[in-house]
Amino acid sequence: MKKSNKIDINQAVNPSFLRRLAAMLYDSLLVFGLLLLASMIVTLPIGILAGEAASQALSGNLLFRLWLALVPPAFFLLFWLKGGQTLGMRSWRLRVVRTDGAPLRWTDAVIRLLSALLSWLPLGLGYLWILVDRDRLAWHDRLSGTRLVLLAKR
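Residues numbered from 1 in each chain as written. Predicted model: local features only at pLDDT ≥ 70, side-chain atom pairs only at ≥ 80, totals over all residues. Heavy atoms only, no water.

*Asks:* Explain the overall build of the chain to me, using residue names and the numbers behind them.
*Replies:* The helix and strand inventory of the chain stands at 7 helices and 2 strands. Scored against the burial criterion, the 154 residues of the chain give a buried share of 34%. If you take every contact in the chain between residues at least 6 apart in sequence, the share linking residues at least 24 apart comes to 70%. When the accessible surface of the chain is split by element, carbon and sulfur atoms take 68% of a total near 10000 Å². (Helix = DSSP H or I, 4+ residues; strand = E, 2+ residues; numbered from the N terminus. Buried < 20%, exposed > 50% of the residue type's maximum accessible area, 1.4 Å probe, protein only. Contact = heavy atoms within 4.5 Å. Areas by Shrake-Rupley, 256 points an atom, 1.4 Å probe, with all protein chains shown as cover.)

Structure (structure tokens):
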């Protein structure tokens, strides 16, 4: 018999703003490290083969910028789709699920990612909304039909 990954939303605990913020800080450090690694994967071989000037010239290259721009979305999408948790979310016992408690589908994750960008645009107001929302949901939670839940201690 297959175990369901669905969470009972009626029993779920909404995480606090500070817990969400801590997970975001942890994940931002990881994404920063991944950006450094992604940059090094390209610039190091070019620097060795063509010289330092060629490596530094990459900063204006559109393909290089696109490569780096894909790193953060790939990080979040892969982790959300694989188990509903980034490493920061796992550390703080958070999981992202659909509003019915089911794991995210590809479209849910993409909509959540794009909506999260919208939440950041007006100086992070979409995230601060958690402080006044009755369900502690951010704008991107509501827009994407997803939510974070606090997992029980093991």
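Anyway, onward from the coordinates.
*Asks:* Describe the environment of Arg 136, naming the residues involved and giving the relevant values.
*Replies:* Topologically, Arg 136 is positioned in the loop between α6 (125–128) and α7 (139–144). Taking the C-alpha atoms as reference, Arg 136 lies 22 Å from Leu 81; in sequence the two are 55 residues apart. Beyond its immediate stretch of four places on either side in the chain, Arg 136 contacts Asn 14, Pro 15, Ser 16, Arg 20, Ile 130 and Asp 141. From its side chain, Arg 136 meets the backbone oxygen of Asn 14 in a polar contact 3.1 Å long. (Polar contact = N/O pair within 3.5 Å; in protein donor to acceptor, adjacent residues only side chain to side chain.)

*Asks:* Outline the environment of Leu 117, supporting the account with residue identities and numerical values.
*Replies:* Relative to the helices and strands, Leu 117 resides in helix α5 (residues 106–120). Its relative accessible area of 53% is what places Leu 117 among the exposed residues. A sequence separation of 23 residues divides Leu 117 from His 140, and the C-alpha atoms of the two residues are 8.3 Å apart.

*Asks:* Residues and numbers for helix α3 (residues 62–83), please.
*Replies:* With 22 residues, α3 should reach 32 Å at 1.5 Å per residue; the first-to-last C-alpha distance of 33 Å fits that figure. Among the residues making up α3, those that are buried are Phe 64, Val 71, Phe 75, Leu 77 and Trp 80. Buried residues in α3 make contact with α1 (17–50), α4 (87–91), β1 (94–98) and α5. Backbone nitrogen of Leu 63 and a side-chain oxygen of the N-cap are separated by 2.8 Å at the start of α3; the cap is Asn 61. (Expected span 1.5 Å × (residues − 1).)

*Asks:* Please provide a residue-by-residue account of the packing of α3 against α5, values included.
*Replies:* At a minimum axis distance of 10 Å, the contact between α3 and α5 shows a crossing angle of 140°. In terms of axis orientation, α3 runs oblique to α5. Between α3 and α5 lies a crossing of right-handed hand. Contact with α3, carried on its side by Pro 73, Phe 76, Leu 77, Trp 80 and Leu 81, involves Trp 106, Ala 109, Val 110, Arg 112 and Leu 113 of α5 and no other residues of that element. Residues of the contact of α3 with α5, tallied by class, amount to 9 nonpolar, no polar and 1 charged. (Axes fitted to C-alpha atoms, helices over the stretch in contact; angles between N-to-C directions. Parallel < 35°, antiparallel > 145°, perpendicular 65-115°, else oblique. Left-handed = near helix turned anticlockwise from the far one by under 90°. Nonpolar A, V, L, I, M, F, W, Y, C, P; charged D, E, K, R; others polar.)

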